[in-house]
Amino acid sequence: AEIKNHDAAFVALSNLKRKGYKNIKLDLCGEGTGSNNSDLLEKLKQYQIEDEVTLIGVDKSFRENIKNYDVLLLPSKSEAFPLVIPEAMLMGVPCIASSVGDIPLVIGSNGWLIDPKKENDLEVAIIEAFNMRSFDVNSWETLKKMCTESTKKNFGIEKTIDEYYSCLKKG
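Keep in mind that this is a model prediction, so the values were computed, not measured.

Student: Any chance you could explain the packing of helix H1 (residues 6–18) against helix H2 (residues 38–46) here in plain terms?
Tutor: Describing two packed helices takes the angle between their axes plus the distance from one axis to the other. The contact between H1 and H2 brings their axes to 10 Å, and the two run at 25°. Considered as vectors, H1 and H2 are oriented roughly parallel to each other. Viewed along their axes, H1 and H2 form a crossing whose handedness is right-handed. The segment H1 lies against H2, with His6, Asp7 and Phe10 engaging Leu40, Lys43 and Leu44. Here the residues of the contact of H1 with H2 sort into three nonpolar, one polar and two charged.

Next comes the structure, spelled out in structure tokens:
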């Protein structure tokens, strides 16, 4: 779980709460993030964000539920090609994620890339996303559309088939 960098999200959320940002909630999904994780529960108390974070755990309906979120947050210290990023973007959900592995390739300019080693990056990105969604609805809707379009274009089945076919022709 250390690699997923939950602490960065907790620090950012705690700071935002202290600064008066309301209605910023975090659903923590994935293996080991259920409500029976006493370490996570203790950290939520430590950061005083028990009311802002819901421990979901493994959500078998995540792919259907992702469209109900405003943003996907992935502040990992390391990743390869996390499928959750293109899955979210395909559904028009912008992402705030660490600039590690293939994440920059997937997000491009259609979201926020952060340095997982810079504590303030995540908080700044959340504020930018919050402000865009709250005060610049046209830009927000355009971003959501661009997330879907770029994911279809760069990672859709047609692109995949073309890439495989190209490899076969070379061989």
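Anyway, onward from the coordinates.
Student: I would appreciate a short explanation of the packing of aromatic side chains in the present structure.
Tutor: Given two aromatic rings, their pairing is described by the distance between the two centres and the angle made by the two planes. Applying the stated rule across the entire model yields three aromatic pairs. Between the aromatic rings of Tyr21 and Phe130, the centroid separation amounts to 5.4 Å while the plane-to-plane angle is 85°, which identifies the pairing as edge-to-face. With Tyr21 in the loop between H1 and strand E1 (26–29) and Phe130 in helix H6 (residues 119–135), this pair connects stretches of sequence that are 109 residues apart. Using a relative accessible area of 24% as the deciding quantity, one classes Tyr21 as partly exposed.

Student: Please explain the pairing of strand E4 (residues 95–98) as it appears in this structure.
Tutor: Each regular strand shows side chains that alternate between the opposite faces of the sheet. Side-chain alternation along E4 places Cys95 and Ala97 on one buried face and Ile96 and Ser98 on a second face that is also buried. This β-α-β element, strand E3 (residues 72–74) to helix H4 (residues 84–90) to E4, shows right-handed connectivity. One ladder, built from four bridges, connects E4 with strand E5 (residues 111–114); its direction is parallel. Within E5, the position partnered with Cys95 by the bridge is Gly111.

Student: Teacher, can you tell me more about the sheet that holds E5 here?
Tutor: Strand order across the open sheet formed by three strands is E3-E4-E5, with parallel pairing between neighbours. Strands at the two margins of the open sheet, each flanked by one partner only, are E3 and E5. Direction aside, neighbouring strands of the sheet carry axes that sit 10° apart on average. Summarising the sheet, E3 and E4 pair through three bridges and their orientation is parallel. Counterpart to Leu74 in the pairing with E4 is Ala97.

Student: Explain the environment of Leu105 here, please?
Tutor: Assignment of secondary structure puts Leu105 in helix H5 (residues 103–107). Judged by relative accessible area, Leu105 falls into the exposed class, the value being 57%. The spatial distance from the C-alpha of Leu105 to the C-alpha of Asn154 is 9.4 Å, given a sequence separation of 49 residues.

Student: Would you explain the environment of Thr54 in this entry?
Tutor: Mapping Thr54 onto the fold places it in strand E2 (residues 53–57). Since its relative accessible area comes to 40%, Thr54 is described here as partly exposed. With 13 residues separating them along the chain, Thr54 and Leu41 place their C-alpha atoms 9.8 Å apart. When residues no more than four places from it in sequence are discounted, the contact partners of Thr54 are Leu26, Asp27 and Leu28.

Student: Mind showing me how you'd approach the pattern of salt bridges here?
Tutor: Within this structure, the stated rule accounts for eight salt bridges. In this structure, Lys43 engages Asp7 in a salt bridge whose closest nitrogen and oxygen atoms are separated by 3.0 Å. Placement of the pair is Lys43 in helix H2 and Asp7 in helix H1, with a sequence separation of 36 residues. On the accessibility criterion, Lys43 (27% relative accessible area) is partly exposed. Asp7 gets classed as partly exposed once you look at its relative accessible area, which sits at 24%.

Each value, and the rule that gives it
Every chain's residues receive numbers from 1 upward, in the order its sequence appears when written. Totals for whole chains, interfaces and linings use all residues, but because this is a predicted model, local features are given only for residues with pLDDT of at least 70 and pairs of side-chain atoms are given and counted only at 80 or more. Only heavy atoms go into the side-chain values, all of them from the structure, while hydrogens and water stay out. Fitted lines through C-alpha atoms give the axes, limited to the stretch in contact for helices. The angle between two N-to-C directions lies from 0 to 180 degrees. A helix here means a DSSP run of H or I that spans at least four residues, while a strand means a run of E at least two residues long, and both kinds are numbered starting from the N terminus. Note on angle classes: values under 35 degrees are labelled roughly parallel, values over 145 roughly antiparallel, values of 65 to 115 roughly perpendicular, and the remainder oblique. Two helices cross in a left-handed way if the nearer one is turned anticlockwise from the farther one by less than a right angle. They cross in a right-handed way if the turn is clockwise. Two residues form a contact once any of their heavy atoms are found within 4.5 Å. Amino acids are sorted into nonpolar (Ala, Val, Leu, Ile, Met, Phe, Trp, Tyr, Cys and Pro), charged (Asp, Glu, Lys and Arg) and polar (every other residue, Gly among them). Two rings from Phe, Tyr or Trp (for Trp, the six-membered ring) form a pair when their centres are within 6.5 Å of each other. A pair whose planes differ by under 30 degrees is stacked, one over 60 is edge-to-face, and the rest are tilted. Between buried and exposed lies partly exposed: a residue is buried under 20% and exposed over 50% of the maximum accessible area for its type, with that area taken using a 1.4 Å probe on protein chains only. Orient the strands so they point away from the viewer; a crossover is then right-handed if the path from the first strand over the helix to the second runs clockwise. Should DSSP find at least two bridges between two strands, the strands are regarded as paired. Just to be clear on terms, a salt bridge is a Lys or Arg side-chain nitrogen sitting within 4 Å of an Asp or Glu carboxyl oxygen.

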